[in-house]
Structures are given as C-alpha cells and as structure tokens.
2 protein chains.
Amino acid sequence: MCARGAGQQVLTIDTMNPTVKKVEYAVRGPIVQRAVQLEKELREGAKKPFAEVIKANIGDAHAMGQQPITFFRQVLALCSYPELLNDSTFPEDAKSRARRILQSCGGSSIGAYSASQGIDCVRQDVARYIEQRDGGIPCDPDNIYLTTGASDGIVTMLKLLVCGEGKSRTGVMISIPQYPLYSAALAELGAVQINYYLNEEKCWSLDISELQRALDEARRHCNPRALCIINPGNPTGQVQSRQCIEDVIRFAAKERLLLMADEVYQDNVYADGCKFHSFKKVLFEMGPEFSNNVELASFHSTSKCYMGECGFRGGYMEIINMDAEVKAQLTKLVSVRLCPPVPGQALMDLVVNCPQPGEPSYNNFMKERTATLGVLAEKAKLTEQILNTVPGISCNPVQGAMYSFPRITIPEKAIREAKEKGQAPDMLYCMKLLEETGICLVPGSGFGQKEGTYHFRMTILPATDKLKILLSKVKEFHQKFTQQYS
Amino acid sequence: MCARGAGQQVLTIDTMNPTVKKVEYAVRGPIVQRAVQLEKELREGAKKPFAEVIKANIGDAHAMGQQPITFFRQVLALCSYPELLNDSTFPEDAKSRARRILQSCGGSSIGAYSASQGIDCVRQDVARYIEQRDGGIPCDPDNIYLTTGASDGIVTMLKLLVCGEGKSRTGVMISIPQYPLYSAALAELGAVQINYYLNEEKCWSLDISELQRALDEARRHCNPRALCIINPGNPTGQVQSRQCIEDVIRFAAKERLLLMADEVYQDNVYADGCKFHSFKKVLFEMGPEFSNNVELASFHSTSKCYMGECGFRGGYMEIINMDAEVKAQLTKLVSVRLCPPVPGQALMDLVVNCPQPGEPSYNNFMKERTATLGVLAEKAKLTEQILNTVPGISCNPVQGAMYSFPRITIPEKAIREAKEKGQAPDMLYCMKLLEETGICLVPGSGFGQKEGTYHFRMTILPATDKLKILLSKVKEFHQKFTQQYS
C-alpha cells in the first residue's frame, strides 16, 4: 500500500515511461477486471442477476473445460519426475519421448537452462514437423527459435526491427481487427502502427488494394518495413485462401516488407472449403524469385489448436531469409533472458513429435485430438448460427481459430450515452451485458474496427451446453438493450 | 540460410534497431559459443588437449549434476498428470499441495492461463513466506507479482522507469562488477548505466562514499532514479552486512532513488558471520520515516538457492510503496504477455510452502536441502582456498551466491597482444584457457571491473571432484600463461 502523498514517489504516473502508458490490452482490460471483481462479490455472497460469471473473453481452452491431451501430460510428468520411468502404467512411447528430452537437458533435468535458442533436439523435431506439414520443403533447424509463447517471438522480432525518428520511424502493418498484442507491442516500442482493414462484407478477407492504400498513406509519415498477418485470424476467424497468401507475399516482395505470419491457430480450421496454407509453404512454392528474397518470420504456439496448453508458454518461430548478421544479433538478444521455459519446450516437442500409427498411445491420442477439434468445429458453427438469428447481430462464419467477432447494431441513444461517459459504445454494451448476465466478452474497440461499426469478440470455448446458454442470454440482452435505447 | 546478397534485406545490421546492437550478455557470449563449438568438435571425434568441456560459465546447478528436490518434482508431476493423485506411491503432502494448486487453476489445469499477476493462492503463499522470513513484517499479496524468472521482473521494472531525453534521460545505478542482465537491459532500453564500484580490497563491500561519487558525477549528464543491488552478490559473492543495507536505504531515501534488490541467492550464504538480511525487512525495521517513503522492488527466483530450477523460469517480485497509478500501469503491462509459465508458478509455490515438521516429506526434504546447501558451502571454501594458492590469482571469500570472481594478474605482454587483437586481456586469457583445457569461464570484462584490473567468473557448481580438477587445471594454466608471457 502506498503511504506517500500522491506525487511524492520517484516513480509516478508523470515520471514513468510514457510509452508504457500508451499500451492497452483489451483481452485482459477493464471489462475483465470488472468480471473478476464480480466473481469475487459472488463468492462473498452478493446477490446478482446471474449465478456465475462466464469468461468468454480469452482463448483459454482448459479454463473452459477442454481436457489436455493425455499423452502430453504423461510425458511432462515423466520429465518432471523421472522416477516414473520405472512405473509400468506409463506407455513406452511416452517414456521414450521423455528419455529423449531428458537426455537433451543439462544434467538430464528439465530444471537446467537450455540453449537460448531452445533445446537442440526439439528444434530438430520442429524442423522435421514443418517439413512434413509443408510437403517436404526443407526446414533448417538453425532457423528455429523456441520462444515463451508466440507473443515472445513476435515481440522479439519487432524489437529487432523498430527504429528511426520522425518520418523514418519504423511502421508496421497490422490487420484491423487485430489481436491486441500487436498494438500493445508497437505502442511500447514506439513504432508506427499502420492499419489495414479486413473486409467484413467478404468474410474478413484481405484485399491487396487495401494493403496498398494503407501502405501508400503510411509512407507519407513513416518508414513501413513489416506486415503482420494472423492466419487463421484473431479475432475474426477467417482462414485466408491460398491465393490471398500468394498475393500478400507478392505484395511484400514488391514493397519490400518483412512478413510476420502468426499461425498459432493452424489446426483450428473448421469450415468446408477452408484449408490452412502456411506462409512458408506458399512462399517456397512460388519459386526462388520469392523464396530467396522475402524475409519471413512464422510463429506457432502450444496455447491453441487442440492442445490448449496456454499456461506452459510454449512456442517457436521460424526465420526465413534473415540477414546473417541480424540473426547473430537475434541469437544474442534472446541469450539475455537465458532460455524459454523448458516444460514449454518439452510440450512443443510433443506437439511436433506426437504419437504415430503403430505406437501404443496413437489411438487414444487421435481420439482425443479429433474429439477436441470436432467439438470446436461444432461450436464454431453453433455460434455463427445462433448469433445470426438475432436482429441487429450479424456474424461472419467462424472459419477457424477460437472466436466469433459479430457486428452489433447499437442504437444512437446508446452511442450518445457512451460518448458522454467517454466510453466506446461497444464497451458500454459489453459492460451492461456483464453486469446483467455475468457474461464477459471483449468490445470490438479493443481489437480495432471500421469507424462507426461495433463488434464484440467472444470465444467459442465454453462447453456446448454453457455456450448455448451464453448465446441465448446474449440474444436476450441484445433485444432488451436495443429496446431500452430505442 | 540467407540467399540474398548482403544488404538487400529489409532488415540488415544497418537498418535494425541500434539499441539491440549495444546489448551484450557475457554469460552466454562469444566464449560460450566457442565452448559449444568445441563440444561439437569433440563429439565428432576431434582430438583436443582435453576430454571434455567443463562449463563453469553459468549458474546452472542441475546442468552440473545438482539433484532437484524430490518433493518439488513429485508435486509438479502430480500437477502435470493429475491421474497420479490416485497413485499410492506419492506422499499425501505432495498430493495436497498439488490439489491446492490445481484448484486455483482455470479448469483445474496448469495448462490454463493464470491471472497475469500470478495465481492468487501462490501470491498469498509468497506473502506468507516473506512475512515468516522477515520476522512478521506484513506482506500484502497484492504487492506480489509472479514473474518469468527474476530477469523478467527486473526488466519490467526498468521498463516502467526509463524515460526522458538528453540530460533528463533516466540513469540507473548498478554495482560493478554486475550481473550483465542489468547492463543488457539498460542498453536495450537506452537508459544511462551509472556504475558504482564495489570495494575489492574490502571483500567486495559497498562504500556509501562510492555511491555518492557515482551519483554526483551522473547527475551532471542524466537523471538518476534507481539503484540496483544484488545481495548476495553476483559475480562477487559478497553478503552485505545489515549496516550496509541500512546505509544503502538511507542513501536511497536521501537521494530519492527507487531501490531494486536482487535477492535470488538469499539461501546461498556460506561464510561464518554472514547472514542474509532482506531489504524489505531492514527497510521496515528502520521505521516509518523510511518504510513509508522508500520505493523498493525485491526479486526472487526458483533458479538458484537449493532449488536450481533454472529451466522452469519461476520468480516473483515484491513492490513496496509503489504509486497506485503506476501499479495499475504495471498490472496492465504484465497483462500483455498474459501470464508467467504456470509450472514455474507452481514451483515457486512449493519453495514458499515447503514441507513442514510433521509432514511426511519433511525429513527427506530437509535432508536434500541441507545436503545441497552444505555441498555448495564446501565448494565455496574449496574454491577460495585453492585459487589463493596460485601466485597471481587472488580470490576474495565466496561468502554466498554461486560464483568466485578472482582477480588475475595478466603480464604486460599478454595485455599488449590482447589490445592488438582488439580483445579484452581477460578474454584473451579465458579463450586460451578454454582452448588448452576445455574449461569455460567468463572474463571479468563481461561483468565490469576497475580499469586496469582483470578477473574471471567461475561457478562453484561442478561436482566436487570435477571442481578440484578444474581448479588444478586453472592453477596450472595460470602459471604456464604467466611464464609464456613473461
């Protein structure tokens, strides 16, 4: 507790680093703080119009009841407590993977620091996985950096990139709507955020003409050097077509932009006709004119897909065509933080080196993986369908990822009230939704949206029954809200 | 592999963020890269004057054979794979802690994100631990932030602090010699590093007159706002006296400096007459004139002490007297990275909530803890003793931590050769040591030292037999080197 009079400290709101003040992260922002407060009040016996708070604000699958993959947790237990290697209840394929990981660790312990770039054999396994995923296109393990979640890799790349003053200040292109790690990192680094708008009318697809518009405008006041794309998209859930990915690569090549491809949802693809195409694969299939020239960093994580292992902070990035001297700087930079968490590295190893046909754990692994992804696909469809039955709510198909980002019509009266309160209209909407139903969603203003449009982001992660309840309450609330402000 | 002609990329050594180029981290710097290369060559069958590389460069206890604490690993296994809660071979106290941790996790899974400040019950346990450690002085769990290792907390605090331009640029005082995370973070943030020299002649103690000198000089060209102190010290191993800590607090109060107390080695105290005094405790025992006014951030970690669990990246910081608005900014800043690794948080919980008398695991836990710390104390003494038998090497007592930082006399001829090569003389020394004996130490120039003096840092972590071999080889090398350059 602060006992000094305000302003007497060395470190005050006025004397602190101003770039930190510019940072916002809506996914855990004010609405979530209010949700946590409401949970506390409920626990303390307060009476509310709802029995529980439903946190559909964050892509945390386990928190919403998704089960971990048994095999992964068996191996992690074996790595944590190698005595269990003598336990006959653990399958042999789990034991062999645990032994392999432990042998690669200093002193055969996951408590040792690893190499800063990540455990060698894990990087090799990641490279092999990428080769298999991408139809044999070679992957050099030396281009793989294990990271503390994908966020860590993204921030590290931006740190390497962002520099310059005034009109030379680095600009970074990011899709609107975006996952607010990007805007937060750009704010913290003092980079110029260059917004390119995804096309809501065309299922959140990307128009090259819009990229061009955003870039040309940005060139008047900064030095654009990178383009970030999230595919499958967060919060929008679109899965970009192969053609689109080619066009983006062509654009990046022509305009000399470093490409950052956030692909953490690569296994979360639900809609018929949609398929995940890695930027790496498409780049190389476009031939040497592109594959020798476009700088690409691709990011993956253990937090999403079918694993949902957010708390382990596992991730990697693959760096393509990075200047050798810059790569040495990158290697040096990551060495300062020593290494990513080793349990997360071990988990990533299991993701890329999962049970194969013939192995004892294969059937159960496939069963769990298929069930998890299948349930997500059902919930994606369910969410879209139900939201689209609500007058004033319009939801694009949730093609992939874990979220729905429906557009909501907010009555003029509510917009005015919000503005009087100094609040974004969709924040007013979401706050009322929270207070009246206990449902925590994140207002679209936290992700960015076309001026004059409003959205919210909800996850599709609650268990199906709870999701149905959530959706029906949202529907009820929307109708009531619309009426109340008519 | 980079196929473009040099300089054709978007991101090159000339167009990258220049502050990243200024970052150095000697603990994993060029000498370690060479050591890794030599290991590779040995594996490939190359003939060397040594059979193995001994990495005494980094404070990684498990890598050098120290065993993890059984109880901790049992609980981690239970948390990873809760099926094991049905396994009768696990003790009940391990199970009850695992259940408590799991109940605090979303969906009862350590794969869920935690609150960004850290799991609630862990923060409460940390607060309780601090109260017990500090003789009952209250600790508010809300002042506890769990972090990804101590490094993460340190960098976060510096991020909040560093701002300003020119003569207003934030200056941060750091001991020379220092742990190079500090210089690296200050370089990356573009802060002014203000060196205060520890007194080698007085066992690396801290003179307030030296602090004053450094501060007064710094005030001419920057805005000094914080003072960092590592106690027990890295690389120097000194354990500051209580009087010294009081004097530093008084100095910080008078000069209006935010104090950052890096206390990750708090259990690593070996020398008779030395005792760990936490800055928090001393601050509060100095009464409200100080305890209401000095801003203090204290850091701890799971990487050192008797745990040695570096790979888990567990840590916490306690924030005292932080302005409430700044604290809200801190909370917001840490939310962007979602949360520290949950396994590391679980581990920290076990450190602060370890087996108590009467619990089933208590005896074995104490046995392991006592043995580990006892062996470190022996090796600290051994290292000091043996190094002091070498003409031209002078080693202060290793009072605590995990390192020895002896002063080495380097002949003029070698100094000249080094300078011709553009190398620090102690780097030349350490490189030759590495090439001739396979022993990897870190030159003192990587930590900072008084002009004209040379040192190396070695860990005391290799197993006793290996340590004796290492020390005898260093002795032999030093004599040979001195002769060779006479």
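Residues numbered from 1 in each chain as written. Chains lettered and ligands numbered in written order. Predicted model: local features only at pLDDT ≥ 70, side-chain atom pairs only at ≥ 80, totals over all residues. Heavy atoms only, no water.

Caption draft 1: Broad picture of the environment of Gly344 of chain A. All names here are of chain A. Structurally, the position occupied by Gly344 is in helix H13 (residues 342-352). A residue is classified by how much of its surface remains accessible, and Gly344, at 1% relative accessible area, is buried. In contact with Gly344, other than residues within four places in its own chain, are Thr302, Phe312 and Gly314. (Helix = DSSP H or I, 4+ residues; strand = E, 2+ residues; numbered from the N terminus. Buried < 20%, exposed > 50% of the residue type's maximum accessible area, 1.4 Å probe, protein only. Contact = heavy atoms within 4.5 Å.)

Caption draft 2: Spatial organisation of the relation of the copies chain A and chain B. Expressed as a screw transformation, the operator carrying chain A onto chain B has a rotation angle of 180° and an axial translation of 0.0 Å, and the superposed copies differ by an RMSD of 0.0 Å. Taken together, the rotation and translation relating the two chain copies correspond to the operation of a two-fold axis. Among all C-alpha atoms of chain A, that of Ala77 of chain A lies closest to the rotation axis, at 2.1 Å. (Least-squares fit on C-alpha atoms with pLDDT ≥ 70 in both.)

Caption draft 3: Quick look at the domain arrangement of chain A. Residue and element names in this part refer to chain A. Partitioning chain A into structural domains gives domain 1 (18-65 + 367-485) and domain 2 (100-352). Taking only C-alpha atoms into account, the centre of domain 1 sits 27 Å from that of domain 2. At the interface, 36 residues of domain 1 touch 37 residues of domain 2. Across the domain 1 to domain 2 interface the summed buried area is about 3000 Å²; carbon plus sulfur atoms make up 58%. Applying the counting rule to domain 1 against domain 2 returns two salt bridges. Taking the shortest distance from any N to any O, the salt bridge between Glu201 and Arg407 comes out at 4.0 Å. Across the contact surface, domain 1 and domain 2 share 17 residue pairs in polar contact (both at pLDDT 80 or more). (Domains from an automatic or database assignment. Buried area = accessible area lost by both parts, 1.4 Å probe. Salt bridge = Lys/Arg side-chain N within 4 Å of Asp/Glu carboxyl O. Polar contact = N/O pair within 3.5 Å; in protein donor to acceptor, adjacent residues only side chain to side chain.)

Caption draft 4: Structural view of the state of the cysteines. Residue and element names in this part refer to chain B. For the structure shown, the criterion picks out zero disulfides over all chains. Cys244 takes part in no disulfide bond, and the closest cysteine sulfur to it belongs to Cys274, at a distance of 12 Å. Take Cys305: it sits in no disulfide, and the sulfur closest to it among the cysteines is that of Cys310, at 11 Å. For Cys305, a relative accessible area of 0% puts it in the buried group. (Disulfide = S-S within 2.5 Å.)

Caption draft 5: View of the packing of helix H2 (residues 30-43) of chain B against helix H16 (residues 425-437) of chain B. Residue and element names in this part refer to chain B. It is at 11 Å that the axes of H2 and H16 come closest, and there the two elements cross at 10°. Our classification of the angle between H2 and H16 gives roughly parallel. In this structure, H2 uses Pro30, Ile31, Arg34, Ala35 and Leu38 to contact H16, whose residues at the interface are Met427, Cys430, Met431, Leu434 and Glu435. When grouped by side-chain class, the residues that make up the contact of H2 with H16 number eight nonpolar, no polar and two charged. (Axes fitted to C-alpha atoms, helices over the stretch in contact; angles between N-to-C directions. Parallel < 35°, antiparallel > 145°, perpendicular 65-115°, else oblique. Nonpolar A, V, L, I, M, F, W, Y, C, P; charged D, E, K, R; others polar.)

Caption draft 6: Inspection of the interface of chain A and chain B at higher detail. Each partner contributes to the interface: chain A provides 96 residues, whereas chain B provides 96 residues. Interface of chain A and chain B: buried area, both sides summed, is about 8100 Å²; carbon and sulfur atoms make up 55% of it. The largest share of the area that chain A buries against chain B comes from Val10, Leu11 and Tyr113 of chain A, three residues that together contribute 9% of it. Connecting chain A to chain B are four salt bridges. The interface formed by chain A and chain B includes 57 residue pairs in polar contact (both at pLDDT 80 or more).

Caption draft 7: A look at the UniProt feature "domain: Aminotransferase class I/classII large" (unreviewed entry) in chain A. As annotated in UniProt, the feature "domain: Aminotransferase class I/classII large" (unreviewed entry) corresponds to residues 90-466 of chain A in the numbering used here. Spanning residues 90-466 of chain A, this segment combines 42% helix with 15% strand, and its end C-alpha atoms are found 34 Å apart. (UniProt positions renumbered as here; feature names shortened; annotations may be inferred.)

Caption draft 8: Inspection of helix H13 (residues 342-352) of chain B at higher detail. In terms of burial, H13 of chain B is largely enclosed, as eleven of its eleven residues are buried. The complete set of buried residues in H13 of chain B reads Val342, Pro343, Gly344, Gln345, Ala346, Leu347, Met348, Asp349, Leu350, Val351 and Val352 of chain B.

Caption draft 9: A look at the side chain of Ser109 of chain B. Residue placement: Ser109 of chain B occurs in the loop between helix H4 (92-103) and helix H5 (120-133). Judged by relative accessible area, Ser109 of chain B falls into the buried class, the value being 4%. Only 2.9 Å separates the side chain of Ser109 of chain B from the side chain of Arg73 of chain A, close enough to count as a polar contact. In this structure the side chain of Ser109 of chain B is engaged in a polar contact, spanning 2.8 Å, whose partner is the backbone nitrogen of Gly111 of chain B. In this structure, Ser109 of chain B is in contact with His62 and Arg73 of chain A together with Leu102 of chain B, ignoring residues within four places of it in sequence.

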